[in-house]
Amino acid sequence: MVAVFIRTASSDFRKTQKQMEFCMPLVQDIEYKVYMEMDVKTIDSDRPGLSKLIADIEAGLVNKVICQSAERISRNPVELGNFMWIANQMNVPVVFAE
């Protein structure tokens, strides 16, 4: 399954729509699941969408992650690096739409 990760720091639905518009052409006709965090800043310790995505990667349920840009996953270089390390260890490519 392909994972599409969407995160906005506001509750503005238009921003999530814009990210989906960037990502969906890369999904094509493959089965996918959207992991979304609205009104979540990367400095927040509670990252339910990212935590679920990581759990699904580790469980072998995800074979590719598509996201608009790296900063949507995290602006924190350590958190982003940890996510990329986990994806790499599980042989899950991370594709950025921008």
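Notes on the structure in this doc start here. (Residues numbered from 1 in each chain as written. Predicted model: local features only at pLDDT ≥ 70, side-chain atom pairs only at ≥ 80, totals over all residues. Heavy atoms only, no water.)

**Structural notes on helix α2 (residues 48-58)**
Here comes step 1: The complete set of buried residues in α2 reads Gly 49, Leu 50, Leu 53, Ile 54, Asp 56 and Ile 57. Along the axis of α2, the buried positions cluster into a sector of 165°, meaning they face one direction only.
Here comes step 2: On its buried face, α2 sits against β1 (2-7), β2 (32-37), β3 (64-67), α3 (70-73) and α4 (77-89). (Buried < 20%, exposed > 50% of the residue type's maximum accessible area, 1.4 Å probe, protein only. Helix = DSSP H or I, 4+ residues; strand = E, 2+ residues; numbered from the N terminus. Arc of directions from axis to C-beta. Contact = heavy atoms within 4.5 Å.)

**Here's the deal with a nonpolar patch on the surface**
Here comes step 1: Side chains of Phe 13, Met 36 and Met 38 sit close together on the surface and give an oily, nonpolar patch of about 270 Å² of accessible area.
Here comes step 2: Note that Met 38 resides in the loop between β2 and α2. (Patch = residues over 30% accessible without salt bridge, like charges linked within 9 Å, V, L, I, M, F, W, Y side chains within 5 Å. Areas by Shrake-Rupley, 256 points an atom, 1.4 Å probe, with all protein chains shown as cover. Salt bridge = Lys/Arg side-chain N within 4 Å of Asp/Glu carboxyl O.)

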